[in-house]
Amino acid sequence: MNVLRRDDDPAPRPTRQPRRPAQEQRKQRQAPPEEDQRIAFVTGGTRGIGLACALELLEDGHRVVVGSRNRPDRLPEGLAWVPCDVTDPKQIDAAFDAIEAEVGPVTILVANAGITNDGLVLRMSDDDFTSVVDANLGGAFRVAKRSIRPMMKKRWGRIIFISSVVGAMGQTGQANYAASKAGLVGLGRSLAREFASRNITVNLVAPGPIETDMLDALGDDTKAAIVEAVPLGRVGTPDDVAAAVGFLASDGAAYITGATIPVDGGLGMGG
Ligand code: NDP
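The notes below deal with the structure included here. Note that the structure is a prediction, hence the values are computed from the model and not measured.

**Considering the overall build of the protein**
Here comes step 1: Looking only at helices and strands, one finds nine helices and eight strands in the protein.
Here comes step 2: Across the 271 residues in the protein, those meeting the buried criterion constitute 42%.
Here comes step 3: Intrachain contacts of the protein at a sequence separation of at least 6 include 71% that bridge at least 24 residues.

Structure, rendered in structure tokens:
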């Protein structure tokens, strides 16, 4: 393969919670023949929430490509990787071109790539603000826009944006991040309206605190304070988020569009 890389190294999968027996049975059904498989692209799919989403979609029988800025050392079996910095329109085009040439048209897009650059507003530079909004909101806009035409041709598509509970609640020190995540809701709902007639659904998942590198960066004290505020009394796992994404990508979610599903242990209730 040219740009894509399928890593058959039997690397251990990241820790995933044991599935319930019924779920397990569902997952053990046979994957459809390759020509019937849908093609999913997960931005920021090399670790954390994105990787869990990619594995969920793989288990659901789809062919899955993940994108990121840095080539991962290893990827679980079955996933392909393509370089795709969502702040760079040329890389986005090249990534979709490569997927279309080597795998086929993407009909499931998970716009997950995201960054933080926290700081109080009085110390936040213009660049601190716009760079986060450009990666999280601008990046989602760019990949969604690039994915739409092939979905229109297929008359079937699923776009899923990964927002955040912070988008609705706000968060001290995260004005840039919260603005970007709230912006995704307006973007997603507008796309949902524009492309509903083409049988393309656009939905959002709004995670609360999820155990990933991004959360780790906050430090133990902040994490403990966050857990205190979560009604379910724990941080979530990437698999908690991936389950909602898998559902939204499924045929079972055919009549859901413009929705935001919270996966936050109850943190944002009422928000
Ligand atoms: P991680 O930092 O663990 O992973 C981020 C992923 O995005 C990596 O694969 C990274 O790879 C990639 N990435 C970062 N910037 C870019 C870019 N410009 N272009 C392409 N890929 C990029 O984050 P999480 O898994 O925690 O978060 C995933 C999403 O979930 C984000 O949108 C985040 O805002 C959201 N979220 C996370 C929560 C949490 O508590 N963890 C809570 C709520 C929402 P690379 O660096 O190689 O590019």
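There is more to say, and it comes next.
**Examining helix H6 (residues 175-195)**
Here comes step 1: Over its 21 residues, H6 extends 30 Å from the first C-alpha to the last, a length consistent with the 30 Å expected when each residue adds 1.5 Å.
Here comes step 2: Looking only at H6, the buried set comprises Asn-176, Tyr-177, Ala-178, Ser-180, Lys-181, Leu-184, Leu-187, Gly-188 and Leu-191.
Here comes step 3: Looking at the buried positions of H6, the neighbouring elements they touch are helix H4 (126-154), strand E6 (157-162), helix H5 (165-169) and strand E7 (200-207).

**Section: the site of the ligand**
Here comes step 1: Taken together, 29 residues are adjacent to the ligand, and Gly-44, Gly-48, Arg-69, Gly-114 and Thr-212 come closest.
Here comes step 2: Of all the secondary-structure elements, those providing two or more residues to the shell around the ligand are helix H2 (48-59), H4 and helix H7 (213-216).
Here comes step 3: Tallied by class, the residues present in the shell around the ligand amount to twelve nonpolar, 13 polar and four charged.

**Let's talk about the nonpolar core**
Here comes step 1: Residues Ala-40, Cys-53, Ile-99, Val-241 and Val-245 are the most contacted members of the largest nonpolar core, which totals 65 residues.
Here comes step 2: With residues near it in sequence (within four places) discarded, Val-245 still touches Cys-53, Glu-56, Val-110, Ile-160 and Val-205.

**Focus on the pairing of strand E4 (residues 79-83)**
Here comes step 1: Most of E4 is tucked away, with four of its five residues classed as buried.
Here comes step 2: When strand E3 (residues 63-68) meets E4, the two strands line up parallel, connected through five bridges. Its bridge partner being in E4, Val-66 is matched across the sheet by Trp-81.

**Here we look at the environment of Gly-265**
Here comes step 1: Relative to the helices and strands, Gly-265 resides in the segment after strand E8 (260-263).
Here comes step 2: On the basis of neighbour counts, which here come to 23 C-beta atoms within 10 Å, the residue Gly-265 falls in the buried class.

**Here we look at the environment of Val-235**
Here comes step 1: With respect to the element layout, Val-235 can be found in the loop between helix H8 (220-229) and helix H9 (238-249).
Here comes step 2: Once you skip the residues sitting within four places of it in the chain, Val-235 turns out to touch Pro-209, Ile-210, Glu-211, Leu-215, Lys-223 and Val-227.

**Some words on unusual backbone geometry**
Here comes step 1: The backbone of Arg-155 shows a phi angle near 55 degrees, a positive value even though the residue is not glycine.
Here comes step 2: Relative to the assigned elements, Arg-155 resides in the loop between H4 and E6.

**Here's the deal with the packing of H4 against H6**
Pairs of packed helices are described in terms of their axes, by the angle between the two and the distance that separates them.
Here comes step 1: It is at 8 Å that the axes of H4 and H6 come closest, and there the two elements cross at 20 degrees. The pairing of H4 with H6 is recorded here as roughly parallel in orientation. Note on packing geometry: the crossing formed by H4 with H6 is right-handed. In this structure, H4 contributes Asp-128, Phe-129, Val-132, Val-133, Asn-136, Leu-137, Ala-140, Phe-141, Ala-144 and Ile-148 to the contact, and H6 contributes Asn-176, Tyr-177, Ala-179, Ser-180, Lys-181, Gly-183, Leu-184, Leu-187, Leu-191 and Phe-195.
Here comes step 2: In the contact of H4 with H6, the residues fall into 14 nonpolar, four polar and two charged.

Procedures and definitions
- Residues numbered from 1 in each chain as written.
- Predicted model: local features only at pLDDT ≥ 70, side-chain atom pairs only at ≥ 80, totals over all residues.
- Helix = DSSP H or I, 4+ residues; strand = E, 2+ residues; numbered from the N terminus.
- Buried ≥ 20, exposed ≤ 12 C-beta atoms within 10 Å, placed from the backbone.
- Contact = placed C-beta atoms within 7 Å.
- Expected span 1.5 Å × (residues − 1).
- Near = placed C-beta within 6 Å.
- Nonpolar A, V, L, I, M, F, W, Y, C, P; charged D, E, K, R; others polar.
- Core = buried A, V, L, I, M, F, W, Y, C linked by C-beta atoms within 7 Å.
- Pairing = 2+ DSSP bridges.
- Axes fitted to C-alpha atoms, helices over the stretch in contact; angles between N-to-C directions.
- Parallel < 35°, antiparallel > 145°, perpendicular 65-115°, else oblique.
- Left-handed = near helix turned anticlockwise from the far one by under 90°.

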